[in-house]
Amino acid sequence: MRTRGEQIDLIRILMHHVEQAGGSMDQLLSMSGLERISIKSERAQQETEVVAMLQSAIELTKDPALPLRLGRNFDIGNMGTFGFAVMSCADINACLRLMTRYQKTVGVGPGWRVLDQDHSPEKGMLVRMIITLGSSERRRIVSELIFSQFCTAIEFLISGPLDGAELHLNYPPPSHSIEYQRLISARVKFNQPYCQLLLP
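Reading the values: rules and limits
Residues numbered from 1 in each chain as written. Predicted model: local features only at pLDDT ≥ 70, side-chain atom pairs only at ≥ 80, totals over all residues. Heavy atoms only, no water. Helix = DSSP H or I, 4+ residues; strand = E, 2+ residues; numbered from the N terminus. Pairing = 2+ DSSP bridges. Axes fitted to C-alpha atoms, helices over the stretch in contact; angles between N-to-C directions. Contact = heavy atoms within 4.5 Å. Patch = residues over 30% accessible without salt bridge, like charges linked within 9 Å, V, L, I, M, F, W, Y side chains within 5 Å. Areas by Shrake-Rupley, 256 points an atom, 1.4 Å probe, with all protein chains shown as cover. Salt bridge = Lys/Arg side-chain N within 4 Å of Asp/Glu carboxyl O. Buried < 20%, exposed > 50% of the residue type's maximum accessible area, 1.4 Å probe, protein only. Phe/Tyr/Trp six-rings, centres within 6.5 Å; stacked < 30°, edge-to-face > 60°.

Q: How should the environment of S24 be read in this particular structure?
A: Structurally, S24 can be placed in the loop between α1 (4–20) and α2 (25–31). Along the sequence, S24 and L60 sit 36 residues apart, while their C-alpha atoms lie 9.0 Å from each other.

Q: When you look at the sheet that holds strand β4 (residues 187–189) in this model, what are you seeing that I'm missing?
A: One key point about sheets: their strands pair by backbone hydrogen bonds, in either a parallel or an antiparallel sense. Taken in spatial order, the five strands of this open sheet run β1-β2-β5-β3-β4, and their pairing is mixed. Taken across any chain shown, the strands that pair with only one partner, and hence form the sheet edges, are β1 (111–116) and β4. Here the average twist between neighbouring strands, direction ignored, is 20°. Inspection of the sheet shows strand β2 (residues 125–130) paired to strand β5 (residues 196–199) by four bridges, in the antiparallel sense. Its bridge partner being in β5, V127 is matched across the sheet by L197. In this fold helix α6 (residues 92–101) packs onto β1, β2 and β5, with an angle of close to 145° to the strand it touches most, β1.

Q: How do you make sense of a nonpolar patch on the surface when you look at a structure like this?
A: A cluster of nonpolar side chains, contributed by F84, M87 and F156, occupies part of the molecular surface with about 330 Å² of accessible area. Residue placement: M87 occurs in helix α5 (residues 80–87). Look at M87 and you get partly exposed, because its relative accessible area is 36%.

Q: Honestly, the packing of aromatic side chains in this entry has me stumped. Any pointers?
A: The geometry of an aromatic ring pair is captured by two quantities: the separation of the ring centres and the angle between the planes. What the rule picks out here adds up to three aromatic pairs. With a centroid separation of 6.0 Å and an interplanar angle of 50°, the aromatic rings of Y171 and F190 are classed as tilted. With Y171 in the loop between β3 (166–168) and α8 (178–183) and F190 in the loop between β4 and β5, this residue pair connects regions lying 19 residues apart in the sequence. For the pair Y171 and F190, one class covers both residues: buried. Considering the side-chain rings of Y180 and F190, the 5.1 Å spacing of their centres and the 80° angle between planes classify their relative orientation as edge-to-face. Of this pair, Y180 sits in helix α8 while F190 sits in the loop between β4 and β5, placing them 10 residues apart in sequence. Of the two residues, Y180 and F190, both sit in the buried class. Here the aromatic residues Y171, Y180 and F190 are joined through ring pairs into a cluster of three or more.

In structure tokens:
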């Protein structure tokens, strides 16, 4: 869901959080297995490296809920023409279908599918994330970031909280699970078969 510009912004924000916690850019890059120069190259834009930086930032800041907080700072207006197209959609259904159609053009990141709940459009829609990279911890970190971004974007588009929505996650509650309820307006359920956002 991130464009190249957003990935660079994410890296800058990560560095800001690390510096606020008393760490340095050199520490962040070193823990991530990257060189300082790589941050401006194509190499730094690869999904696994961005996730490694996020994982390192969590360790340096001692903030396990950092991906959730970063997602809350998501600004759909920063997506340029694509963001404008999303904001111009008639409803959330059209918005999600547009995002799905063009997901490969907006940068690296996990894929997703938009489905009708129980194969019945009147029951609502669901956005199912397809995350295949890395360890279970890295998949959780990516889920937190992406679903926090999705929820933030949808709240912006509907001008309010996600009443009646549910976020299903296929992992057990992490130690910072209380932050999910504070930062995501949808009801959160852990230990589910899929990582998905159900919208009424």
